[in-house]
Amino acid sequence: MIWKLEAKDNKARAGVLSLRNNTILTPIFMPVGTQACVKGLDFNDLEQIKTKLILANTYHLYLRPNDSVIKKLGGLHKFSGFNGSFLTDSGGFQAFSLNGKPNENGIAFKSHIDGSSHFFTPQMVLDIQYNLNSDIMMILDDLVALPNTKERILESIKRTSQWAKQSIIHHHNNKDSNPHNNIFAIIQGGTDKWAREISANELINMNYCDSEFDGFAIGGLAVGEEKNIMYDTIELTTDFMPQHKPRYLMGVGTPEDLVEGIYRGVDMFDCVMPTRNARNGTIFTQFGRLSIKNARFKEDSTPIDDKCGCYTCKNFSKAYLNHLFKANEILYARLSSIHNLYYYLELTRNAREAILQGRFENWRKEFYLKINARF
Ligand SMILES: [Zn+2]
């Protein structure tokens, strides 16, 4: 994997991420495809929204159908038919949110499907991700709910670093047989500068026999802290991160969060919001959010956004989408997800253009002017 910084506009960055057979322009939003599938969309739809990198979930795919099955069927790309790239998370977040029990060796958790007991170690989550043939693998980390005690935050960064060391050794030993599987470490530390600094420095300076991490993520945010504290934490963390490697902000993603993250030097994002909100009736547009179930759209023959280039806006009216939503038709989920994801991808593409042209500050101002105009 090669990531090249192409341009900087203050802290905002435009880059090029080269993965096997695929080039990703950053900043980038990655649609969430938990089960090796972005809900309701197939790979043709993903091509339509011009996405080349999606996120799949190690925890879910390990439990079902199991990574050994996916390996047998040729890895995630062959299994799903998606010829773009996959980033897979480590399962640490699911273990955290499903009441997993971390100890120094890993995380114990119970399957949400049948209640069976499992244990993830740092080495094991990489083995699962080798089987999935993921393009970017996240290592196991220990994240904490916020706010939390200083002791627990210290324990989290210490454990995250220990697991990172084990991960880098394991990856070094398996690198030759898995040359296209890249590895990202996750910076923890709650919202405290001192803790983020320790975590970032330990991970960034970590190497084993010349092997180092290919990129770095900011983890443990959007877990209960206030928005402005989250933005401050992103900013102070990116200040510790190296210029020559990609930066991924995990699981944070309103359109405003993307703009603020890019402004603070983040390159990669993921979030369930565009697809989940689409299914619930919330549509994102350059003029803010709209609720498609609103009665005023019942006879509205115009598209969601006549400037939007997505398949949905080119072919369907708000009235039709309003009807599909009310009639509980599956097609609604697909069409609304296509639009919301296209909007998110277009947002990062426009941000990138603005950075390349050195007008990101103005672009950011215009973004807020339009968003606040509302319908
Ligand atoms: Zn659209």
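Heads up: the structure comes first, above all this text.
About the cut-offs
Residues numbered from 1 in each chain as written. Predicted model: local features only at pLDDT ≥ 70, side-chain atom pairs only at ≥ 80, totals over all residues. Heavy atoms only, no water. Axes fitted to C-alpha atoms, helices over the stretch in contact; angles between N-to-C directions. Helix = DSSP H or I, 4+ residues; strand = E, 2+ residues; numbered from the N terminus. Contact = heavy atoms within 4.5 Å. Nonpolar A, V, L, I, M, F, W, Y, C, P; charged D, E, K, R; others polar. Pairing = 2+ DSSP bridges. Phe/Tyr/Trp six-rings, centres within 6.5 Å; stacked < 30°, edge-to-face > 60°. Buried < 20%, exposed > 50% of the residue type's maximum accessible area, 1.4 Å probe, protein only.

Draft legend 1. Broad picture of the packing of helix α14 (residues 330-356) against helix α15 (residues 360-373). Look at α14 against α15: their axes get within 8 Å of each other, and the N-to-C directions meet at 145°. Residue-level inspection shows Y343, L347, N350, A351, A354 and I355 of α14 in contact with α15, the latter providing F360, W363, F367 and I371. Taken together, the residues that form the contact of α14 with α15 break down as nine nonpolar, one polar and no charged.

Draft legend 2. Fine view of the sheet that holds strand β14 (residues 268-271). Taken in spatial order, the eight strands line up as β4-β14-β13-β12-β11-β10-β6-β5 in an open sheet, and their pairing is parallel. Edge positions in the sheet fall to β4 (28-31) and β5 (53-57), since each of these pairs with one other strand and no more. This sheet shows a mean twist of 25° between the axes of neighbouring strands, independent of strand direction. Of the pairings in the sheet, the one linking strand β12 (residues 215-218) to strand β13 (residues 247-249) comprises three bridges and is parallel in character. Looking at the pairing, A217 lines up with Y248 of β13. Relative to the sheet, helix α9 (residues 227-238) contacts β11 (182-187), β12 and β13, its axis offset from that of β12 by approximately 155°.

Draft legend 3. Structural view of the packing of aromatic side chains. With the rule as written, the count across this model stands at 16 aromatic pairs. Between F284 and Y343 the ring centres are 6.5 Å apart and the planes differ by 10°, which places this aromatic pair in the stacked class. In this pair, F284 is assigned in strand β15 (residues 282-285) and Y343 in helix α14, connecting sequence segments 59 residues apart. In this structure F284 comes out as buried when scored by relative accessible area, which is 1%. The buried category is assigned to Y343, whose relative accessible area is 10%. With centroids separated by 6.1 Å and ring planes inclined at 75°, the aromatic side chains of Y343 and Y344 adopt a geometry described as edge-to-face.

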